[in-house]
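Residue strings, one per chain:
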Amino acid sequence: MVAALRDRCCQWEQEASDLATDGNLSAATMIQHWAFAADLLSTTISTEFTNLFSQALTARFGDLTSTTHRSVADQVLDAVALEVAATQEAPELVAA
């Protein structure tokens, strides 16, 4: 979602530039405002997703920074690996 908004923001900025070059300044200004709003929205969404992910990890595994002998990156990697492993199907036992 963030990437789509940022992509659209770039398109609007290009459209605004083209309109300004053609002398249509009112339309260029309006589209530039849309681009600014899309950029602001994408930044807000990205920040909120990061906060939500952090809260989910803290709720699931506790405070990741409380373990001082391992880096936060290692602990997050372990947390993600556990989540991925939890979504995998258990192998079937085959009777011999």
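Residues numbered from 1 in each chain as written. Predicted model: local features only at pLDDT ≥ 70, side-chain atom pairs only at ≥ 80, totals over all residues. Heavy atoms only, no water.

### Some words on the nonpolar core
The following threshold applies: What makes a nonpolar core is a set of buried Ala, Val, Leu, Ile, Met, Phe, Trp, Tyr and Cys residues whose side-chain atoms join them at distances within 4.5 Å. Each residue is placed in one exposure class: buried if its accessible area under a 1.4 Å probe, protein chains only, is under 20% of its type's maximum, exposed if it is over 50%, and partly exposed if it falls in between. Put simply, DSSP marks the helices as runs of H or I at least four residues long and the strands as runs of E at least two long, and each gets a number from the N terminus on. Every residue pair with non-hydrogen atoms within 4.5 Å of one another is taken to be in contact.
In this structure, V2, L5, C9, W12, A16, I31, A35, A38 and I45 together form the largest nonpolar core, which totals 9 residues. Looking at which element gives the most residues to this core, the answer is helix α1 (residues 2-21), with 5 residues. Filtering out sequence-adjacent residues up to four positions away, A38 remains in contact with L5, C9 and W12.

### A short note on the pattern of salt bridges
We count it as follows: Criterion for a salt bridge: a side-chain nitrogen of Lys or Arg within 4 Å of a carboxyl oxygen of Asp or Glu.
Under the definition given, this model contains 1 salt bridge. We note a salt bridge from R8 to E15, for which the minimum N-O separation is 3.7 Å. With relative accessibility at 30%, the residue R8 sits in the partly exposed group. We classify E15 as partly exposed; its relative accessible area is 32%.

### Some points on the state of the cysteines
Short version of the rule: The disulfide criterion used throughout: a pair of cysteine sulfur atoms within 2.5 Å.
Scanning all chains against the criterion turns up 0 disulfides. The thiol of C10 is unpaired, and the distance to the nearest cysteine sulfur, on C9, comes to 5.6 Å.

### Quick look at the confidence of the model for the protein chain
This is how it is decided: In predicted models, pLDDT denotes the confidence assigned by the predictor to each residue on a 0 to 100 scale.
Confidence in the prediction for the protein chain averages 80 pLDDT; 78% of positions are at 70 or higher. Ranking the helices and strands of the protein chain by mean pLDDT puts α1 first, with 92, and helix α3 (residues 72-87) last, with 72.

### So, helix α2 (residues 25-61)
The following threshold applies: Expected helix span is given by 1.5 Å per residue-to-residue step, counting one fewer step than there are residues.
Taking 1.5 Å per residue, 37 residues should reach 54 Å; α2 reaches 53 Å between its end C-alpha atoms and fits that length. Turning to α2, its buried residues are A27, A28, I31, A35, A38, S42, I45 and L57. G62 sits one or two residues past α2 and shows a positive phi near 85°.

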